[in-house]
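Observations on chain architecture
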Amino acid sequence: MTGRGREDDGSNGVAGVGRIVVERLSVAFDGAAAVRDVSFELARGECVALVGESGSGKSVTARALLGLTGGDVTADELSLDGRTLLGLGERAWRRLRGPRIGLVLQDALVSLDPLRPIGREIDDSLRLHTRLSAAERRRRVLEVLDEVGMPEAERRRSQRSGELSGGLRQRALIAAALALDPDVVIADEPTTALDAQVQRQVVDRLAALRDAGTAVLAISHDLGAVRRLADRVVVLRDGEVVEQGPVEQILDAPRHEYTRSLVAALPAGKPRGTRLSPGGSRPGVGDGVGDGVGDGVGVGDGVGVGDGVGERGLSGPTSPARAASDREDRVLPRVLLRATGLVRRFGDRAAVDDVSLELRAGETLGLVGASGSGKTTTARILLGLDTPDEGSVELLGEAWNPLSEHERRARRAALGAIYQDALSSFDPRFTVGRILADALTAGRSTRTGPVRARVETLLGEVGLAASLADRSPASLSGGQRQRVAIARALAPEPLVLVCDEPVSSLDVTVQAQVLDLLDELQESRGLALLFISHDLEVIRHVSDHVAVMHEARVVEQAPTEQLFAAPEHPYTRSLLAAR
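1. What about helix α17 (residues 452-461)?
Within the span of α17, buried status applies to Val 455, Leu 458, Leu 459 and Glu 461. For α17, the arc enclosing every buried residue in end-on projection is 160 degrees, short of the 170-degree limit, so these residues lie on one face. For α17, the secondary structure elements touched by its buried residues are α16 (432-440), α18 (478-490) and α19 (508-525). Immediately downstream of α17, the backbone of Gly 463 shows phi near 80 degrees, a positive value.

Rendered as structure tokens:
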């Protein structure tokens, strides 16, 4: 029991130190093993990171420590400070969750109740697990918000999650996990989809917890964050541990081939045009049946998706983008999309303020900035999904926005978009074939039959088997879904692709395959890409030029290597320093 009146957790009054022992842990669902013989230890004041591809068993392993797997759990030992966690009833688990083991989830917007102020969310655990008075609980809520670096804690306490930025929401989740001073904190992908500065702040906060004596179990596909935070790393593949050791040894001198492939897939230090995935962008050929784990690494035979169109080219007819590019002077590539002086206000706040950009055939413009800086609003204006209050957009040298949708419709196919969450962007009633048929016919039909050959060609173009046309997107792996999203965007043969965080939720190997695929498609079709990302290493790898947004304005634009080597604006320097 702590000085804050934490109720007895059943540990016979022994002060917790947060030592976790996991010995030969296995978890099965309906007889199918998701985790097999996993072993590791976690001590007070230490951070252990679980890394691996999606579906490798990271989250299932962590949730076994909270009694939240929903599967059949067996182990030679699964204990907290010498007390077994095997066979606990729900009442006993409730005494451990929060007071002894805190959990920080990935998606703060989903995890927090949108109808309740964050102060109420944090107060819940104090009300349920302590004997503190209402006034004492209120003071503790403010105290823990201060501990996680929440600015204006008193005001933020009464705000709902939708009123906070991504970084502030994540801090609120961390505050909720820390309210009861747990001995162990499990952080499940706590930095996914956060910009570089907020990522650094979240990692620094977790590191401060570790340094203060809390045991931290971190789950992440971000190996950069793992390097900054973890003391030791456990590498999981297909539910089994393939390697574990000190973070420097695992990341700098990995012994297992799979670990080496994870490290090699990182875009850091890889020049523009360098292939990241060892087997190319294709995860392999065959029946295309996903295993829910990801697309694999080096499964293919190394054969590119091209067929006589150059080393990295794609088979199929010449696209309008390539034809247009071939007719133009190669010294100065044609400007396909030009934005001039864009302004977009919401009430008295400018979300976009005097933004000007150019997208050229065969080139990629990277767009970076903090959450809320105006990147997505700018993309929506370029796509004609939002109308600027001031300024204009030209497509192929002609007015595009502002313009009525009726006037734009004939050129709508020239613009395509790839979104962060592919599954949410699909109609859940449609198969992959129907999704692509809808795109191929500009929404006139979702019948696959008349366009089956074109559907299969599109699937082949993005490295997927024709058999996937009859599958539901929900049955595909994350990497396969993102490839379907790319195929959908390519269906009308666009000239320009707007990619809004297309790889932020993917593990490093699938991210590498998707980035390689986009590079191949751009080379083959002469596409102009706007690539929005919070990951500066990804931006450096994919971009020819980079524009930096801060507080609704573009504060700096330059060729990629020039900007990374000699940033001029103070905000750009601070952004790069946060890597």
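We are not done yet, so read on.
2. What to know about the side chain of Arg 140
With respect to the helices, strands and loops of the structure, Arg 140 is situated in helix α5 (residues 134-147). Within the structure, Arg 140 has its side chain in polar contact with the side chain of Glu 147 (distance 3.2 Å). One polar contact links Arg 140 to Asp 181, side chain to side chain, over a distance of 3.1 Å.

3. Notes on the sheet that holds strand β19 (residues 528-532)
Overall, mixed pairing links the six strands, which are arranged β17-β18-β19-β14-β20-β21 in an open sheet. Edge positions in the open sheet fall to β17 (415-418) and β21 (553-559), since each of these has one partner strand only. Geometrically, the sheet is characterised by an average inter-axis angle of 20 degrees between neighbouring strands, direction not taken into account. The pairing of β17 with strand β18 (residues 496-500) spans four bridges and is classified as parallel. Residue Ile 418 lies in a different strand from β18, and its bridge partner there is Cys 499. Seen against the sheet, helix α13 (residues 375-383) touches β14 (364-369), β17, β18, β19 and β20 (545-550) and runs at an angle of roughly 150 degrees to β17. Strand contacts of α18: β17 and β18, with the helix running at about 170 degrees to β17, the strand carrying the most contacts.

4. Describing the pairing of β21
Here six bridges tie β20 to β21, and the two strands are oriented antiparallel to one another. Paired with Ala 547 across the bridge in β21 is Gln 557. Two successive antiparallel strands, β20 and β21, enclose a turn made up of two residues, where Glu 551 displays a positive phi of approximately 50 degrees.

5. Some words on empty space enclosed by the protein
On inspection of all chains with the given rule, the structure shows four cavities of 30 Å³ or more. Estimates place the volume of the largest cavity at around 110 Å³. Put simply, the parts of the chain that give the lining of the largest cavity at least two residues each are α19, β19 and α20 (536-542). In terms of residues, the lining of the largest cavity owes the most to one element, α19, which gives five residues. Of the residues assigned to the lining of the largest cavity, the class counts are five nonpolar, five polar and three charged. Here the second largest cavity is characterised by a volume of approximately 60 Å³. As for the second largest cavity, its lining consists of Pro 190, Thr 191, Val 203, Ala 218, Ile 219, Ser 220, Ala 225, Val 226 and Leu 229. Counting residues per element, the ones that place at least two in the lining of the second largest cavity are β9 (215-219) and α9 (223-229). Considering every element that reaches the lining of the second largest cavity, the biggest residue donor is α9, with three residues. Across the lining of the second largest cavity, the residue classes break down as seven nonpolar, two polar and no charged.

The rules behind the values
Residues numbered from 1 in each chain as written. Predicted model: local features only at pLDDT ≥ 70, side-chain atom pairs only at ≥ 80, totals over all residues. Heavy atoms only, no water. Buried < 20%, exposed > 50% of the residue type's maximum accessible area, 1.4 Å probe, protein only. Helix = DSSP H or I, 4+ residues; strand = E, 2+ residues; numbered from the N terminus. Arc of directions from axis to C-beta. Contact = heavy atoms within 4.5 Å. Polar contact = N/O pair within 3.5 Å; in protein donor to acceptor, adjacent residues only side chain to side chain. Pairing = 2+ DSSP bridges. Axes fitted to C-alpha atoms, helices over the stretch in contact; angles between N-to-C directions. 1 Å grid on protein atoms, 1.4 Å probe; cavity = no way out; pocket = protein on both sides within 12 Å on 5 of 7 lines; lining within 4 Å. Points joined across faces, edges and corners; volume = space filled by probe spheres on them. Nonpolar A, V, L, I, M, F, W, Y, C, P; charged D, E, K, R; others polar.

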